[in-house]
Amino acid sequence: MRSNKTRIRVDYAPLNVAVSMECLTPLSPALQVYNSGIDEFEPDRSLTPSQFWPMIMANANDGSWHNQYANSILTQMKWYVDGVDITTLQDWTNLYEIDNTAGNYRGAITIKRNVLPTQTFSLHFEGVLTDPRLGTQITVKSDEIILSTEDSSEDAYSLSIGDDQIIQYNPFKDKLHLYNYKVAHGLITATSAAEAAATDENAYLRQIPVTLFKAEVAMQSGYTIKLFRVNGPNSFTELSAGSDEVVAITPTAITLDLRLVTKSDYLIKAIITDSDRIAPQLQFSVNRVYQDYNCRPTNGTGINPGDIQRFDTAMCDSDGNVVECPANIIKIVWKTDSATITGQVHNEGQSTLFTIAKTGIGNRYDDDWLDIYVETEIKPMHKYAVDENGDFFTDENGNKFIFN
Amino acid sequence: MQYVIANRGKATMYGINAAGHRTKDALIVLHEKELNVVPGPTLADKVRAVDGVLYSASEIKQALQEGGWQ
């Protein structure tokens, strides 16, 4: 007599499935480049397509699953574009192929479509793995890949300045500043010829040529230039012509008054009229150079008993040359030491005329001496002259006064 | 960007994965950057190494119109 049957099963561990997306054509990746100058995609997917493979890995903890690379048994494979089955999209017809072979790359999609710079497509894969051990079906879904295109011709916009990116201002070499000083002090008569001659590459009035290139062609119009002061890593202040050290901003040049700068970093940005997205930019900086110099009194004559006043003038030299009108750039303070008064301050300037009695000089051998000397420093950057309300002092033409 | 119609066997010999590429019999279409793995000082040398012919984008489009390309 046969007993009742008791059916028992093998108790398989469930399948662990992992999906990762791999680009099988790394040199034809998801990101294309479009060169509108020659109307070409690089690479052109109609010639060298991109291929993406949803790599399906499956295993069971009990070792009962032997098909670790599980693509070959995928069924119900579908690729989606922005969430829509690609087979239903007319504009993708004949522009893709899905690998239906029984091989390891089953499910891979080959894309022959070039994507315009204005387009972006999000693709993902879904398929089904059948687990015959447990009689179950597992839906697998890949991560998304984004197809997009970079417009290289737009990115090829570049800014250039016709100057060093580190501009150094050395007041000792500034002939224009010297010219202004001489005119202001009545040492010479102002002439446009002399002013023009003094305006060279070392002048405080620095015109920095700006050129916007599209690829290798210099643009003549269709953009504006903005100038920013760099305050920190992500902190900028827009500067306009007439404010601070900015004399002028045009599409082809930026003019700065370097007398008003000790050290500053700037960012130039080109705003292209027909594109809000692209803003080629360039950073440059301005530094003031503090050149070594020597300065000393020149009157070596003694004091006659009847002298009441003493005159002296300072001689300054730098880099092997006598500095002309040194008070223009060097703060020269005249001082004397005597037996009774040390550090007596007289005046500031290239020369001095002081009353001898003020120095405390004596009339006996041990106190009838005087040390005359100057204390000097390079003048700092200029600042605008303002009153207590912050209003600018100007001349009759509205030109703002600066001083240092 | 320039393109090359190369010998598929030579290309794979230099490590180029034929997957996803357009092929016809023993030929394969590559772009110039894919030849970086092929030894040779110039692109022309690399093209020769894979028994290839160099084309511009427009030229190769014309060449592929002959048909038979996968």
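Above this text is the structure in question.
It should be emphasised that the depicted structure is a prediction, and the values quoted were computed from it without experimental measurement.

Engineer: Got a sec to walk through the overall build of chain B? Specific residues and values, please.
Structural biologist: The secondary structure content of chain B amounts to three helices and four strands. Ordering the α and β elements of chain B from the N terminus gives β-α-β-β-α-β-α. Taking all 70 residues of chain B together, 41% fall into the buried category. Look at the contacts in chain B between residues 6 or more apart in sequence, and 58% of them connect residues 24 or more apart. Counting every atom, chain B has about 3,600 Å² of accessible surface; 48% of that belongs to carbon and sulfur.

Engineer: Can you explain the sheet that holds strand E17 (residues 235-239) of chain A? Please cite residues and give values.
Structural biologist: All names here are of chain A. Overall, mixed pairing links the five strands, which are arranged E13-E21-E20-E16-E17 in an open sheet. Strand pairing shows two members of the sheet lacking a second neighbour, strand E13 (166-169) and E17, which therefore form its edges. Pairwise comparison of adjacent strand axes, ignoring direction, gives a mean angle of 30 degrees for this sheet. Sheet topology places E13 next to strand E21 (residues 281-288); four bridges connect them, and they run parallel. Bridge pairing links Tyr169 to Arg288 in E21.

Engineer: Explain the interface of chain A and chain B to me, and be specific about the residues and the numbers.
Structural biologist: Each partner contributes residues to the interface: chain A has 16 residues there, and chain B has 16 residues. Here chain A meets chain B over a buried area of about 1,300 Å², counting both sides, of which 60% is carbon and sulfur. For the chain A face of the interface with chain B, the top three residues by lost area are Leu27, Leu47 and Thr48 of chain A, together amounting to 41%. Inspection of the region where chain A meets chain B yields one salt bridge. The closest approach of N and O atoms between Asp44 of chain A and Lys61 of chain B, which form a salt bridge, is 3.0 Å.

Engineer: How would you summarise the side chain of His346 of chain A if you had to cite specific residues and measurements?
Structural biologist: All names here are of chain A. Topologically, His346 is positioned in strand E26 (residues 344-348). A residue is classified by how much of its surface remains accessible, and His346, at 15% relative accessible area, is buried. Within the structure, the side chain of His346 is placed 2.7 Å from the side chain of Thr336, a separation counted as a polar contact. Non-local contacts of His346, meaning those with residues more than four positions away in its chain, are made with Trp334, Lys335, Thr336, Thr352, Phe354, Lys358 and Thr359.

Engineer: I'd like to hear about the state of the cysteines, residue by residue, with values.
Structural biologist: Residues and elements named next belong to chain A. For the structure shown, the criterion picks out one disulfide over all chains. Each sulfur of the disulfide joining Cys295 and Cys316 lies 2.2 Å from the other. You can see Cys295 sitting in strand E22 (residues 294-297) and its partner Cys316 sitting in strand E23 (residues 309-318), a full 21 residues away along the chain. Overall, Cys295 belongs to the buried group, its relative accessible area being 18%.

Engineer: Go over the sheet that holds strand E7 (residues 96-98) of chain A, please, and point to the residues and values.
Structural biologist: All names here are of chain A. If you walk across this open sheet you meet the four strands as E1-E4-E8-E7, and the pairing is antiparallel. The sheet is open, and its two borders are formed by strand E1 (15-23) and E7, each paired with just one other strand. With direction set aside, neighbouring strand axes in the sheet form an average angle of 15 degrees. Relative to strand E8 (residues 109-111), E7 runs antiparallel, the two sharing three bridges. In the strand pairing of E8, Tyr96 is matched with Ile111.

Engineer: Outline the environment of Phe125 of chain A, listing residues and values.
Structural biologist: Residue and element names in this part refer to chain A. Tracing the sequence through the fold places Phe125 in strand E9 (residues 120-131). Once the C-alpha coordinates of Phe125 and Gly83 are considered, the two residues, 42 residues apart in sequence, prove to be 9.9 Å apart. When near neighbours in sequence (up to four residues on either side) are disregarded, Phe125 contacts Pro54, Ile56, Leu74, Met77, Lys78, Trp79, Gly107, Val140, Lys141 and Ser142.

Engineer: Please provide a residue-by-residue account of the pattern of salt bridges, values included.
Structural biologist: Residue and element names in this part refer to chain A. On inspection of all chains with the given rule, the structure shows 17 salt bridges over all chains. When the shortest N-O distance is used, the salt bridge between Asp244 and Arg229 registers 3.5 Å. On the criterion of sequence distance, the pair formed by Asp244 in the loop between E17 and strand E18 (246-250) and Arg229 in strand E16 (residues 223-232) is long-range, its members being 15 residues apart. Look at Asp244 and you get partly exposed, because its relative accessible area is 40%. Among the charged side chains, a network of salt bridges with common partners joins Arg229, Asp244 and Glu245.

Engineer: With reference to specific residues and values, describe helix H2 (residues 175-184) of chain A.
Structural biologist: Residues and elements named next belong to chain A. Among the residues making up H2, those that are buried are Leu176, His177, Leu178, Tyr179, Tyr181 and Lys182. Looking at the buried positions of H2, the neighbouring elements they touch are E13, helix H3 (192-198) and strand E14 (205-214). Regarding H2, its N-cap is Asp174, as a side-chain oxygen of that residue lies 3.0 Å from the backbone nitrogen of Leu176 further along. The first or second residue beyond H2 is Gly186, which carries a positive phi of 70 degrees.

Engineer: Account for a positive patch on the surface, naming residues and giving values.
Structural biologist: Residues and elements named next belong to chain A. A cluster of like positive charges, contributed by Arg2, Lys5, Arg7 and Arg9, occupies part of the molecular surface. By the secondary structure assignment, Arg7 is in the segment before E1. For Arg7, a relative accessible area of 75% puts it in the exposed group.

How each quantity is defined
- Residues numbered from 1 in each chain as written.
- Chains lettered and ligands numbered in written order.
- Predicted model: local features only at pLDDT ≥ 70, side-chain atom pairs only at ≥ 80, totals over all residues.
- Heavy atoms only, no water.
- Helix = DSSP H or I, 4+ residues; strand = E, 2+ residues; numbered from the N terminus.
- Buried < 20%, exposed > 50% of the residue type's maximum accessible area, 1.4 Å probe, protein only.
- Contact = heavy atoms within 4.5 Å.
- Areas by Shrake-Rupley, 256 points an atom, 1.4 Å probe, with all protein chains shown as cover.
- Pairing = 2+ DSSP bridges.
- Axes fitted to C-alpha atoms, helices over the stretch in contact; angles between N-to-C directions.
- Buried area = accessible area lost by both parts, 1.4 Å probe.
- Salt bridge = Lys/Arg side-chain N within 4 Å of Asp/Glu carboxyl O.
- Polar contact = N/O pair within 3.5 Å; in protein donor to acceptor, adjacent residues only side chain to side chain.
- Disulfide = S-S within 2.5 Å.
- Patch = residues over 30% accessible without salt bridge, like charges linked within 9 Å, V, L, I, M, F, W, Y side chains within 5 Å.
- Lys, Arg positive; Asp, Glu negative; His and termini not counted.
- Charge placed at Lys NZ, Arg CZ, Asp CG, Glu CD.

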